[in-house]
Amino acid sequence: GWSFSVRLPDQAMTCNFRVARRFPQFVDMSNRNPCTFQDLQWQEALEQAQAAAGGRRLSAPGRRLQAAAARRRQASGNDKDPSKMLEIFDMLSLLCYGVAGFSFAINVVFFVYFRIRARKHLKKRFAKSIDKLQASRLASKAAAMLSEGSPEGPPALFHFFSIQILPLVVMYLAAISVLGKVYWLLLGNHFRNEMGPSPYRTDRWGLGWNVPFQTLQDGSTAPYNADTYQGMLDCVKVATNELFAGQVTLANWADYKHPCLAKGPGKPWWGLYPDVGLHAIHGIFYLVYIAINAAVVVYVTFLAYNFFTKCGCTTRLGSGRYLRFLWNLQRNRCSGCLIGLAKFCMWSALAFCLAMMCFTAFFYFGGNPNDGIDAEELNSVFSAVWPFVSKVFFDVLAIHMSFKRLKNKAAEIPKFNWDEDEFEKIRFHRTWSFSKRQDERGDTLQGYIAHMTSCGSHLTANHLQFTELIKQALVEAAQGDLNPLKILLTDPADAIPALKICEANVKGAWMQKKNTRSRTQALSGNAALEDAEPERKTAGPIGSLLTVVHMCCIECLPAILWYVAMTSVLKKTVVFLTFNTEPMSAYRGDYFFETVNGRRVQRTPRHKYDSMLSIEECVESVSGQIIWGGGSPHPCLTDGTLFQGENSRVDVPIGLWQPALLIFNFSLLCLLLLLVFYVLVTFVCKGVLGSSVGSGRYLRFTVDLEKRLGYKFIVGMLLLASPIPGGAAAFIMYTSFGYGGLVDFLLSVAMEIISVAVIAFALTKVKEPKFNYETETFENTQFNRGRLVCSGRTARDGEKLLGCFGNFVQQITSFTLHNDVYLTNMGDALFFARADDTDEFEKMLADSRHLTALLRDTKFERVERPMEGGSAKVAPVPDGPDSPAGGRAAPASG
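In every chain, residue numbers begin from 1 and rise along the written sequence. Residues qualify for local features only when their pLDDT is at least 70, as the model is predicted, and side-chain atom pairs are given and counted only at 80 or more; totals for whole chains, interfaces and linings, by contrast, use all residues. With hydrogens and water excluded, all non-hydrogen atoms of the structure serve as input to the side-chain values.

> How would you explain the overall build of the chain if you had to name every residue and give the values?
Helix and strand assignments come from DSSP, with helices taken as H or I runs of at least 4 residues and strands as E runs of at least 2, each series counted from the N terminus. Tallying secondary structure elements over the chain gives 31 helices and eleven strands in all. Only protein chains enter the accessibility calculation, which uses a 1.4 Å probe; a residue whose area is less than 20% of its type maximum is buried, one above 50% is exposed, and one in between is partly exposed. For the chain, the proportion of its 894 residues judged to be buried stands at 45%. Residue contacts follow a heavy-atom distance rule, with two residues in contact if any of their heavy atoms lie within 4.5 Å. Restricting the contact set of the chain to residue pairs at least 6 apart, pairs at least 24 apart contribute 74%. Accessible area for the chain stands at about 45,700 Å²; split by element, carbon and sulfur atoms hold 62% of it. Each accessible area is a Shrake-Rupley result for a 1.4 Å probe, and residues are judged covered by the shown protein chains and nothing else.

> Could you give an account of helix H16 (residues 495-502), with specific residues and numbers?
Counting buried positions along H16 gives eight out of eight residues, so the element sits mostly inside the fold. Buried within H16 are the following residues: Ala495, Ile496, Pro497, Ala498, Leu499, Lys500, Ile501 and Cys502.

> Tell me about a nonpolar patch on the surface, and name the residues and values.
Each patch is built from residues that are more than 30% exposed by relative accessible area and take part in no salt bridge. Like charges join if they lie within 9 Å; nonpolar side chains (Val, Leu, Ile, Met, Phe, Trp, Tyr) join within 5 Å. Should a side-chain nitrogen of Lys or Arg be within 4 Å of a carboxyl oxygen of Asp or Glu, the pair is scored as a salt bridge. Taken together, Ile88, Phe89, Leu92, Leu95 and Val99 make up a surface patch of nonpolar side chains, about 470 Å² in accessible area. Relative to the assigned elements, Leu92 resides in helix H4 (residues 82-143). Of the residues examined, Leu92 reaches a relative accessible area of 44% and is grouped as partly exposed.

> Account for a positive patch on the surface, naming residues and giving values.
Note that His is not counted, nor are the chain ends; the positive residues are Lys and Arg, and the negative ones are Asp and Glu. Lysine's charge is taken at NZ, arginine's at CZ, aspartate's at CG and glutamate's at CD. Together, Arg115, Arg119, Lys120 and Lys123 line one region of the surface with positive charge. Counting through the fold element by element, Arg115 comes out in helix H4.

> Talk me through the nonpolar core; I want residue IDs and the actual numbers.
Only buried residues count toward a nonpolar core. Its members are Ala, Val, Leu, Ile, Met, Phe, Trp, Tyr and Cys residues joined through side-chain atoms within 4.5 Å. In terms of nonpolar packing, the biggest core is built from 112 residues, with Trp184, Phe285, Tyr322, Trp562 and Tyr587 touching the most fellow members. For this core, the element with the most residues is helix H6 (residues 166-187), which contributes 13 residues. In this structure Trp184 touches Met195, Tyr229, Leu233, Val236, Lys391, Met612, Leu613 and Glu616, once residues within four positions along its chain are discounted.

> Let's hear about the pattern of salt bridges: which residues, and what values?
Under the criterion given, the structure shown has 20 salt bridges. In this structure, the salt-bridge partner of Arg192 is Asp610, at a minimum N-O distance of 3.7 Å. In this pair, Arg192 is assigned in the loop between H6 and helix H7 (229-244) and Asp610 in the loop between helix H20 (606-609) and helix H21 (612-626), connecting sequence segments 418 residues apart. Linking Arg331 and Asp419 is a salt bridge whose minimum nitrogen-to-oxygen distance equals 2.6 Å. Of the two residues, Arg331 is situated in the loop between helix H9 (320-330) and helix H10 (333-364) and Asp419 in the loop between helix H11 (375-406) and helix H12 (421-424); the sequence distance between them amounts to 88 residues.

> Please give an account of the state of the cysteines that cites residues and values.
For this text, the term disulfide refers to a pair of cysteine sulfurs within 2.5 Å. According to the stated counting rule, one finds two disulfides in the structure shown. Two residues share a disulfide in this structure: Cys235 and Cys260, whose sulfurs sit 2.0 Å from each other. On the sign convention where negative means left-handed, the S-S torsion of about -115° between Cys235 and Cys260 marks this disulfide as left-handed. Taken together, the positions of Cys235 in helix H7 and Cys260 in the loop between H7 and helix H8 (275-310) put the pair 25 residues apart, joining distant regions of the chain. In this structure, Cys235 and Cys260 share a single accessibility class: buried. A sulfur-sulfur distance of 1.7 Å marks the disulfide that ties Cys618 to Cys636. Between Cys618 and Cys636, the disulfide has an S-S torsion of -100° and is therefore left-handed.

> Give a description of H7 that names residues and reports values.
Any helix carries an expected span of 1.5 Å times its number of residues minus one. Between the first and last C-alpha of H7 there are 23 Å, a value that for 16 residues agrees with the 22 Å anticipated at 1.5 Å per step. Of all 16 residues that make up H7, 14 are buried, and the element is covered over most of its length. Looking at the residues trailing H7, positive phi occurs at Gly246, about 85°.

> Tell me about the packing of aromatic side chains, and please be specific about residues and values.
Note on aromatic contacts: the rings of Phe and Tyr and the six-membered ring of Trp form a pair at centre separations within 6.5 Å, being stacked when their planes are under 30 degrees apart, edge-to-face when over 60 apart, and tilted otherwise. One pass over the structure, following the stated rule, counts 26 aromatic pairs. Put simply, the rings of Phe160, Phe161, Phe307, Phe308 and Phe325 pair up and form one aromatic cluster. If you follow Arg192 out to its NZ or CZ, it ends over the ring of Phe592, 4.6 Å from the centre. Whether a charge lies above a ring is judged from NZ of Lys or CZ of Arg, which has to be within 6 Å of the ring centre and within 35 degrees of the ring normal.

Put into structure tokens, the structure is as follows:
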């Protein structure tokens, strides 16, 4: 092992160890340093030595040995030739220079990019600061006009920890429900002969629990449905409560026996996992339950800390400070991190539960990964996964919606001027009062009933709902109707100052934006578009077809959802009655057994037809057939008849209740078809056929349709039919099963009943736009909706509003919106347009040249609303650059 170094840049010198060994006089070994070749002409000495050696003649064997030794020396010399190392060093140096050059170029590019980006960001921040300063200046002038006084209403503390935290309560209950349902679905994979009274338990749920009305050892009486499928579910509820209480996973695990298992050692899935695995599964459920409770406690503590430190206990509900605090809480980064972490944990837990379901179904029913997965095993996995998805769907939906309410998205944050100190001075009318509502001139705004109704809605509204009321009131005030804004305020005289405060940010931003655009336009040469009046256009065959599809699928969607929820109530009623009346021994029908060679045997595969979940699957499927006149004879029951057994608590002849269900179901379907038919006939008779989805004529038709007498009559019939199935079912449950059975039934159909009530009342409520839509200009206007045109959008002054892709996405998104929602968004855009920020409204127009005509003709000329107990007329709105109309003509007073 020689170690050497070569003095550079003497690259002409050839270095090898053979030369160094033969000519040590040319090698410097002083101070034991690595050999360093001296800079001498050693090549001549090498040639002389070779010539001297050539004078000596060797014998033939000697020459062969010398040649072999030379070859060996040459081979060993080539392997240790330092010149190869120099070549490698040269390549590495070139590579390093290349990497260094590339890195330098990348650094230069990134430096230029971030420099430009920083300049743009700095200019943007500077522009925002200027906008905020101008908005603060405008809002300060308006705030000086507000009346003095303390805010009304109860302490905001009560509202915050009741109404605002309500989504958190719903999310918690839904999460616990999902966890309990997952535990039952895993437990339901047991065969039915394994489920029953536990021989190890002596409490209420042991021994004779499955005999109705039997006196148990503790002196209590077994329930009426103890031997039914619902009785088995009640037993599972007790086992779930024991699991959540920690009785299954703590010190008594060895002694714990499941109350619902009649066979085995009293532990679920005892034939599938060892005892340690069973303990681990129950431990996982318990830890998830603890984690859910801990997450709720942490988030409530976070909310309480923010409320007490940033809002205060003395803040009243009607204060603008409280509303500002709620919206700042929505933008809080720590809150967003907590909600995001909770979402991640929720979806991860659901994925884990789904994987556990698949794993349990695959191995419990004889699957072997070494033999591969066949169709039968896949079917077993699907049969276990589908009940999981169907049972937890609504609970997961409730959790998802609760997350959305706890953390609103950026689009839901209001765009008016709410994050200012001047907004905190506005006093809102959020208290209870039993009097009339009058304005500053003594005119009646609301009567007794209307005033109490609005007080109730203001007190119970969350931040999102009350902000929506403020936004709608601002839109109407910008059109000339100040009454809705006066109703929201403690002092009606504060309407105009409150309007100026709320629109100050829009005016302040637009003042700077308008100056910037004028300079940019002068430099770029972009010419502003000339104003034009909209003309009516007829859509082609595809456009007309899209309008009909939108009418049937989007506009009639609430009615379709109402019908689905009503039929779900009917189906769940039959399911609940079946589970509470038929004993477990009765579920031996043709669905589970078949006759082979004269013998009645169990159907195969066994996991599909002999598990506990198979009973639930069969009953739910047949109940859906019963409401359509099918399901006779009942394939799940031995005798094929429902409610006719000896232990049945509902003794109703099948010839009476089944035709009643069928007639009522068809009556609901006829009401739905009648509504759709009336809408389509009116659509054709009014000449709207041939209009596009984005035409103002079609938008006006859907609003006027809700005011027609025929539409109101059919919707009224829907409203009257809504409580019939739930009321009749509740009466049957109470008379048959008592108060406990009634509560269990209402809990099982709570989601459907709430959906029916919300949709029915929404159908009866006419949502009229907050602007004047009954004009020819609005009818002839084409809006940027459902056009399927891939092109950019340009503002009236020549500035770019949307790119090709952004415009295409907006067209598709707006097509899926209900017309009521689309018109509400249009009213918001009109509010900003009247405050001089026209960008949002121009994005909604197919042609920006129609902006001026729409702003002129969609404004109310005169607002005069007869009120309960009197009449109220709109006070004149001052004209001028700071007026609500933004310098445009003010509406005439009443």
